[in-house]
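# Architecture and fold: a report
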Amino acid sequence: MIYTITLNPAIDRLLFLDKTLTKRKTNRASKITYDIGGKGTHGSYAMTQLGVENLALGFAGERNFEAFEQIVKQKGITHSFIPIPEGLTRESIVAIEPENQGSTMLTEPSFFVRDAEKKQLLDFLDEQLTSEDIVLIAGSLPENFQMHDLKDLIQLAKAKQAFVACDLSGEALLQAVQLGVDFIKPNEFELAELLNEKKDSTGEAFERLTQEITCIVASKGEQGSVCCYEGKQYQVIAPEVKEVNDTGAGDCFVGAFLAEFSKCRDIIAALKRGSACAASKVQYEDSSYFNPREAEQLMKQVKITEL
Ligand code: TA6
């Protein structure tokens, strides 16, 4: 089983603008749609689309729990979110400019998580997790979910000998690295921050990082991404597609990568599946949708070179 944990989910409100987003002007939207928000939920959607069993976990605000749950159900995601008393799941506003000029995201503050709900999540995982499972912890942390809470969560998953994947940033990513998780996906800025933390020369620091983390997929922006796994390095160039909305592309990559990886630990197949699904995703206007059959075709265009 794959468990995705979205500690700070969102409801994405997508505003489709008539013109380029401009400061000090009234930017009018011609259409508004809603989608599920939060990196772990997007990972679950990708796994579900690919027919890989998974359960989406995390917290969701009690005050708009039905609205959040309605979107999760519409996406066909099997889930068990813990209601946060008096909490409101935040909205992420995604302004999408016409003619594929890109998107801008504004996300609201989160709800406040109390110790009671943190314990509920840990107790559930303590009961369910086995060494056969994969756990994806993804996205930002909500208010009052401290670094020590993240440490407890990761250490519990590690103690169960599950495969622990983290799509985290900032201090949370550093914490995951220090605890030695199995998968991280830093962007180029996060990787530079991690290597700087290691203080050695970049090459030595990167070498040490690859010894501490089973699988690293470092996105390199235009240059695609580099994956380090079992002592080998792979450069991954994604297919060229017409981008409509890149929101959620990284999340889709992680979900599809883990879905494929969970089948037979084939790193090349997992990298191809992740890249192809993300390439399919950016061609669509919401935060999560991609077409698995289209992605199957795009897999042939993913270029992977062993370095
Ligand atoms: O990556 C896309 C997305 O998950 C959006 O759905 C939006 O809700 C935002 O990112 C949330 O990001 P965060 O890092 O706060 O979890």
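Relevant structure appears above.
### Regarding the site of the ligand
As a structural note, the neighbourhood of the ligand is formed by 13 residues, with Asp 12, His 42, Arg 90, Ser 140 and Asp 251 the closest of them. In the environment of the ligand, an oxygen atom lies 3.2 Å from a nitrogen or oxygen atom belonging to the backbone of Gly 38. Mapping the ligand onto the cavity grids shows that it belongs to the largest pocket. Those elements that provide at least two residues to the shell around the ligand are strand E2 (10-17), helix H1 (39-49) and strand E6 (90-96). Of the residues belonging to the shell around the ligand, the class tally is 2 nonpolar, 7 polar and 4 charged.

### Focus on the pairing of strand E7 (residues 103-107)
Bridge analysis of E6 against E7 gives 5 bridges, and the strand direction is antiparallel. Within the sheet, the bridge partner assigned to Val 94 lies in E7 and is Met 105. The hairpin turn running from E6 into E7, its antiparallel successor, is 6 residues long, and Glu 99 in that turn takes a positive phi close to 50°.

### Side note on the side chain of Lys 118
Position of Lys 118 among the secondary structure elements: in helix H3 (residues 115-128). Of note is the side chain of Lys 118, whose polar atom sits 3.1 Å from the side chain of Asp 115. Not counting the four nearest positions on each side in its chain, Lys 118 is found in contact with Phe 59, Val 113, Asn 144, Phe 145 and Asp 149.

### So, the pattern of salt bridges
Applying the stated rule across the entire model yields 12 salt bridges. Its salt-bridge partner being Asp 123, residue Lys 119 comes within 2.6 Å of it at the nearest N-O pair. Taken as a pair, Lys 119 and Asp 123 lie in helix H3 at a separation of 4 residues, close to a single helical turn. For Asp 123, a relative accessible area of 35% translates into the label partly exposed. Among the salt bridges present, the one from Glu 260 reaches Lys 263, with a minimum N-O distance of 3.6 Å. Residue Glu 260 and its partner Lys 263 are located together in helix H8 (residues 249-264), separated by 3 residues, close to a single helical turn. Judged by its relative accessible area of 52%, Lys 263 falls in the exposed class. One salt-bridge network, held together by shared partners, links Glu 260, Lys 263, Arg 273 and Glu 296.

### Some points on helix H2 (residues 65-74)
Along H2, the residues classified as buried are Phe 65, Phe 68, Ile 71 and Val 72. One face of H2 carries all of its buried residues, which in axial projection span an arc of 135°. Residues of H2 that are exposed and angled more than 90 degrees away from the buried face: Glu 66, Lys 73 and Gln 74. Tucked into the core, H2 has its buried residues touching E2, strand E3 (29-37), H1, strand E4 (54-61) and strand E5 (79-84). Directly beyond the C-terminal end of H2, a positive phi value near 75° is found at Gly 76.

Thresholds, definitions, all that
- Residues numbered from 1 in each chain as written.
- Predicted model: local features only at pLDDT ≥ 70, side-chain atom pairs only at ≥ 80, totals over all residues.
- Heavy atoms only, no water.
- Near = heavy atom within 4 Å.
- Polar contact = N/O pair within 3.5 Å; in protein donor to acceptor, adjacent residues only side chain to side chain.
- 1 Å grid on protein atoms, 1.4 Å probe; cavity = no way out; pocket = protein on both sides within 12 Å on 5 of 7 lines; lining within 4 Å.
- Sits in = over half its atoms within 2 Å of the grid points.
- Helix = DSSP H or I, 4+ residues; strand = E, 2+ residues; numbered from the N terminus.
- Nonpolar A, V, L, I, M, F, W, Y, C, P; charged D, E, K, R; others polar.
- Pairing = 2+ DSSP bridges.
- Contact = heavy atoms within 4.5 Å.
- Salt bridge = Lys/Arg side-chain N within 4 Å of Asp/Glu carboxyl O.
- Buried < 20%, exposed > 50% of the residue type's maximum accessible area, 1.4 Å probe, protein only.
- Arc of directions from axis to C-beta.

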